[in-house]
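Chain by chain, the residues:
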Amino acid sequence: MNIALRLRGIRKVYPGVVAVDGVDLDLLPGEIHALVGENGAGKSTLANIAFGAVKADAGSIEAVGTVGLVHQHFELVGRLRVWHNIMLGREPRKGAIVDVDRARSRVAELAERNGLAIDPDAMVEELPIGVQQRVELLRELEREPSVLLLDEPTAALAPAEIATLFSTVVQLANRGTAILVVTHKLQEVIDYTTRVSVMRHGKIVARYETAQTSVDAIARAMVGGELPQVAQREKTGVKPCLAVRDVSAGVDTTTISGLSFDVHAGEIVGIAGVEGNGQTALADAIAGMVPFTGSIELDGNAGALRHRENIAIVPQDRHHEGLVVNWTIIENAILGRQNLPGLRKGALTDWRAARTDAAAIVERFDVRAASLDVTVKTLSGGNQQKLLVGRALIGDPRFVLAYQPTRGIDVGAAALVQSRLIEARNRGSAILLISFELDEILALADRVLVMFRGKITGSFTGAEIDRGKIGRLMAGLT
Amino acid sequence: MKVVLRLLAGPAGAILLAFVLAAIAMLIAGVNPADGFYWLFRGSLGGRRPIAETLVQTTALLFPALGVSLAFRAGLFNIGAEGQLLMGGLLAGAVGAHFAGPQWLTVFVLLLIGMVGGGIWGGIAGWLRARFNASEIISTLMLNFVALSLAGYLVAGPLKSPLASGAETAPLLPNGWLPAFPSIGSISFGDTRLTISILIAIATAIVLRFVFTRTVFGYELRAAGEAPEAARRSGINMPRMTLLALTLSGAVAGLGGAAIVTGVLHRFNTSLSPGYGYTAIAVALVGDLNPLWVCVAAFGFGILEAGGLMMQANAGVPKDAIRVIEGLIILVLAARRYFATRATAAPI
Amino acid sequence: MSAGIALALTLLFLTLIKSVPIVFAALGGVISERSGVVNIGLEGMMTAGAFSAVIFTNLTGSPIVGLIAGIFFGAFLGFILGFAATFFKVDQIVAGVGINLVALGGAAFGLVLIFNQPGASPQVNQLGPGQLLPQITTGEAAFIVLGLLCAFGLNWFIYRTPWGLRIQACGENPRAVTDAGLDPLRLRLYSVIASGALAGLGGAFLSICEVNLYSDGMTAGRGFIALAAVIFGRWTPWGATGAAVFFGFFEALQYVLQGRISWLPSDAMQALPYLAALFAIAGLVGRVRAPAADGVPY
């Protein structure tokens, strides 16, 4: 049996963490192999090493033919055209200039052969995310790889688009390409793959034939035991808190129009939707980061949103939008709250009070750090996120906007964050949760609103919440 | 210990490099480095008068360097300290020729006027950045040239001194002169150019350090420089911070200009600064943008400036070698990342 | 009436001549920034070009040799900046400032060392008629033609050749370039060297064509005005060229107006090009987007 890709003894160490710790992996031609693990397990790193983007510290890689990688966050050049992105580095030439016609026709032919519809002349940055992924996929396919790696390929896709992607993948596998799918979507693993390897803490801890295993078994192997429990929801009163009326706004190429909904005290409203359907525009409008038409009021007061005592925000990108990575935990703990009476003495910052505050956050939110004076850069992603969420929730805010609060963190940290959100809800905070993980929405929300192309297309409360119906609305179907 | 190690990896290492480069420059000029360094240090530290002159140069560099540091900390690149210095000095010179009052008041007013002049000049760039997102790198530099033209015109025309033949303002009335540096024991400095301005500069550094570490404004300024997007989302008014930071930065530089006018020249002319505003950038970087270390760095550069003249006169090493050394120091220190992300910087 | 036409023609020719150095530096700025490197050091590269041109013309008596020297030394400083930016991943802006000081100081140092006179060099042979391009009558006119050719050439290079397209990709998303199997760092290095060469050429024009010597600070901020031209011209070769001519106009205006308008003092008019640049970067309407990876070390 010939092996398309053989990894032996792969090891990669980053400062402070062993990302990949002695991994052996074989990929067979024509198989669809899933590489699963929770965030931080090392699967993305391993894929990048196999592709060649990252150099391993030890170990060997043997590949028959070329290896292609479709990244989780596409690496395309937005301001260039589709054909240019696909042919980059191998542009057909007419003398010293690029033969644009030949490039275009090659791309069209490639797209057709793989059953993917694409306009070679389109400007990549104007394309929706699902189509951009097709461009990235075609770029890899242009090189006719014998091994194709897909890193979290369905993160930004609606259910219908996921099916299309996998049908292309299956077609490729049938033609002999060895496929490795890095994912944490266990249901897709069961539905589409042939073999599964589970990674934890940089090692492969379990290997299964997909046909002989289950979502639960894989999940347990991923976590190494039982899944942590999340706090229980208690009964709460329902007084309206945040009122969004007819709000329209635009951020980059996405817009929202005519959004209207309420979030009540003591409830979690979940915004379900595929990434790129206006969630960022909504979040930025509520946070006051973009201008909008319509009204957003807190307890009937439009100005209240400006005051940081009332509203707490967990931003989507902890590194660029939430934390100052070179600062200490204490300095980060008061960011956004430095003007509150308790932390400010006249024109000066009350650093003693800040230290007490930081200690409280670290304690309540299980932020594992050597001391309060270490820089946030030294913390793991999960601990950074716990700090961020802790900072938001510590003051018992009236309203919380949590945007992807468990993005890219391990299961333990995610469970803690989710528990704290529920506890805040139980204590009477109004929480708006925006997440691209439908499972998270379903686990936490009292009410679910679906966003599609900048509008709210569905609303579900309590028993009405139905995964199938929501999934269809997320894809724009009815 | 940790502080020392960290410095060696950056500013201190650069200074060591400076010595090596200076030696090379001397060799190129056909001068024995031992000779060159002898005159460099004799010219800067070899006695009461040289030390006084070194401190004068230190002061001239320290003010704009503090201003540049402040802007840097806010994530803004101020290459306009030269122009801000000039405008501060210009205003101080213009007012000082006519302001008659008790010495303490006059000096205070003139220094304040200097801050206003520099502050306005920095504020223009700050406003352009805040309102139009126009790169402050370009605008502060353009303003340097505009300042030079403006000052040149005023000093040869409307503000020209009736007493002097050259282009300069009328001399300051005597009560506008900064008092000389106080005597230490039996050592007096009355016959040197050293005044209390060095003390004012050090005091400014201490104030700035306090502002950075203890005040809310300083906290917000540092946040804006280290993580602009996080700062914006935490509620900090970024355009306002930009305007304030560049205005303050200019004000501190302008104070320096006024200090030169009241302390050294006792009048204003366009030769006020042989490039202090540009050297100040190197000083700020070597001082790692920390006001207290900037004082030390300014002293080091002051040695170079004061000693450089002696070195040129007696050892024949052109003092422009010092400019080259400063440039190389900046080049080496560029390896330290000073700006967090370019995501929200102005297009350039 | 004919006096008016004569004035307009003078203004036109003077504009073109004054634009030349800015055009070359601006074209350098475009190629550098398109590849993702902010080149603050254009001023220093122009200085290096100007100074070395004079030295080598003085040495050999031939301005052509001086011209080549100017290009070479500008490119050399470009190499230093490019290398620092790509392989040491330094802060590009700080490094650019350093380069400027090194060049300025180095030239002043060199003046004393080589010519034994501070401030300005002795006069050298000027680039004259027919020396650069045989058919063209004056050195300045030849440079104007050269400038247009360079703008045309750069435009063609960036938008029509594979390397130009790859350089564009480097400036937007260097990761995509790596994924395509190319080396964005090397592409960036070449671009910055080219930008230095262009700036050096512009500097050489100043010292051995427009006049015939080097004097301290003769570049007078043109390298920075060129940066304003890059932004104003939206990072395109023709746009930057047009913007450079716009700024050159204001410099020319200063000469033409001198003495003619009594209430505008000549000192104040010296500030015109700089004020024009200020207004240009402030008054930009519409979205101004630099290449996405501009200034970010990869």
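Residues numbered from 1 in each chain as written. Chains lettered and ligands numbered in written order. Predicted model: local features only at pLDDT ≥ 70, side-chain atom pairs only at ≥ 80, totals over all residues.

Chemist: Can you help me understand the domain arrangement of chain A in this one?
Modeler: Frequently, the measure chosen for interface size is the accessible area removed from exposure when the parts meet. Residue and element names in this part refer to chain A. Under the domain assignment used here, chain A contains domain 1 (5-223) and domain 2 (240-324 + 393-474). Listed as interface residues are 12 residues of domain 1 and, on the opposing side, 11 residues of domain 2. Considering only residue class, the side of domain 1 that touches domain 2 consists of eight nonpolar, two polar and two charged. (Domains from an automatic or database assignment. Contact = placed C-beta atoms within 7 Å. Nonpolar A, V, L, I, M, F, W, Y, C, P; charged D, E, K, R; others polar.)

Chemist: I'm lost on the interface of chain B and chain C in this one. Help?
Modeler: Across the boundary between the two partners, chain B contributes 42 residues, which contact 42 residues of chain C. Listed by contribution, the elements that provide at least two residues to the side of chain B that touches chain C are α6 (103-132), α7 (136-156), α12 (276-286) and α14 (321-333) of chain B. Per element, the largest residue contribution to the side of chain B that touches chain C is 12 residues, and it comes from α7(B). (Helix = DSSP H or I, 4+ residues; strand = E, 2+ residues; numbered from the N terminus.)

Chemist: Whenever I open this one, helix α8 (residues 279-287) of chain A confuses me. Can you help?
Modeler: One turn of an α-helix holds 3.6 residues; hence residues three or four places apart share an orientation. Residues and elements named next belong to chain A. The element α8 is extensively covered by neighbouring structure, given that eight of its nine residues are classed as buried. Listing the buried residues of α8 in full gives Gln279, Thr280, Ala281, Leu282, Ala283, Asp284, Ala285 and Ile286. Looking at the residues trailing α8, positive phi occurs at Gly288, about 80°. (Buried ≥ 20, exposed ≤ 12 C-beta atoms within 10 Å, placed from the backbone.)

Chemist: Would you mind showing me how to read the sheet that holds strand β14 (residues 268-272) of chain A here?
Modeler: Pairing between the strands of a sheet comes from backbone hydrogen bonds, and it takes one of two forms, parallel or antiparallel. Residues and elements named next belong to chain A. Spatial strand order, β16-β19-β20-β14-β21-β22: six strands in an open sheet with mixed pairing. One side of each edge strand has no neighbouring strand; the edge strands of this open sheet are β16 (311-314) and β22 (455-461). The average undirected angle you get between the axes of adjacent strands in this sheet is 15°. Sitting on the sheet, α8 is in contact with β14, β16, β19 (399-403), β20 (430-435) and β21 (447-452), with an inclination near 150° to β19. Where helix α15 (residues 467-474) meets the sheet, it contacts β14, β21 and β22, and its direction lies at approximately 25° from that of β21. (Pairing = 2+ DSSP bridges. Axes fitted to C-alpha atoms, helices over the stretch in contact; angles between N-to-C directions.)

Chemist: Explain the interface of chain B and chain A here, please?
Modeler: Each partner contributes to the interface: chain B provides 16 residues, whereas chain A provides 19 residues. For the side of chain B that touches chain A, the secondary-structure elements that each account for two or more residues are α9 (216-226) and α10 (228-233) of chain B. Here the element with the most residues in the side of chain B that touches chain A is α9(B); it accounts for six residues. Taken together, the residues that form the side of chain B that touches chain A break down as seven nonpolar, four polar and five charged.

Chemist: What exactly am I supposed to notice about the pairing of strand β5 (residues 67-70) of chain A here?
Modeler: Each regular strand displays side chains that alternate between the two surfaces of the sheet. Residues and elements named next belong to chain A. Alternating residues of β5 divide into Val67 and Leu69 and Gly68 and Val70, and every residue in both groups is buried. Judged from the four bridges that link them, β5 and strand β8 (residues 147-151) form a sheet pairing that is parallel. Bridged to Val67 within β8 is Val147.

Chemist: Before we go on, may I ask you to explain the nonpolar core in this structure?
Modeler: Considering soluble globular proteins, one finds that nonpolar side chains tend to be buried as a cluster. Counting residues in hydrophobic clusters, the biggest one holds 389 residues, and the most contacted among them are C:Ala26 and C:Ala229. Take this core: its biggest share by element is 15 residues, from helix α8 (residues 184-210) of chain C. Three or more residues apiece are contributed to this core by two domains, here domain 1 (5-223) and domain 2 (240-324 + 393-474) of chain A. With residues near it in sequence (within four places) discarded, C:Ala229 still touches C:Ile22, C:Ala26, C:Ala240, C:Ala243, C:Ala244 and C:Phe247. (Core = buried A, V, L, I, M, F, W, Y, C linked by C-beta atoms within 7 Å.)

Chemist: I'm lost on the sheet that holds strand β1 (residues 5-14) of chain A in this one. Help?
Modeler: Residue and element names in this part refer to chain A. Spatially, three strands are ordered β2-β1-β4 in an open sheet, and the strand pairing comes out antiparallel. Every interior strand has two partners, whereas the edge strands, β2 (17-27) and β4 (58-63), have only one. Strand-to-strand twist of the sheet, defined as the mean angle between neighbouring strand axes without regard to direction, takes the value 20°. The strands touched by helix α1 (residues 43-51) within the sheet are β1, β2 and β4, with β1 carrying the most contacts at an inclination of about 120°.

Chemist: Help me understand helix α9 (residues 222-232) of chain C in this model?
Modeler: The buried count for α9(C) comes to 11 of 11 residues, which makes it a mostly enclosed element. Taken residue by residue, α9(C) has C:Arg222, C:Gly223, C:Phe224, C:Ile225, C:Ala226, C:Leu227, C:Ala228, C:Ala229, C:Val230, C:Ile231 and C:Phe232 as its buried positions. Looking at the packing, one finds that the buried side of α9(C) touches α7 of chain B together with α1 (2-35), α2 (42-60), α8, α10 (237-257) and α12 (272-282) of chain C. Two residues or fewer past α9(C), C:Arg234 is found with a positive phi of approximately 55°.

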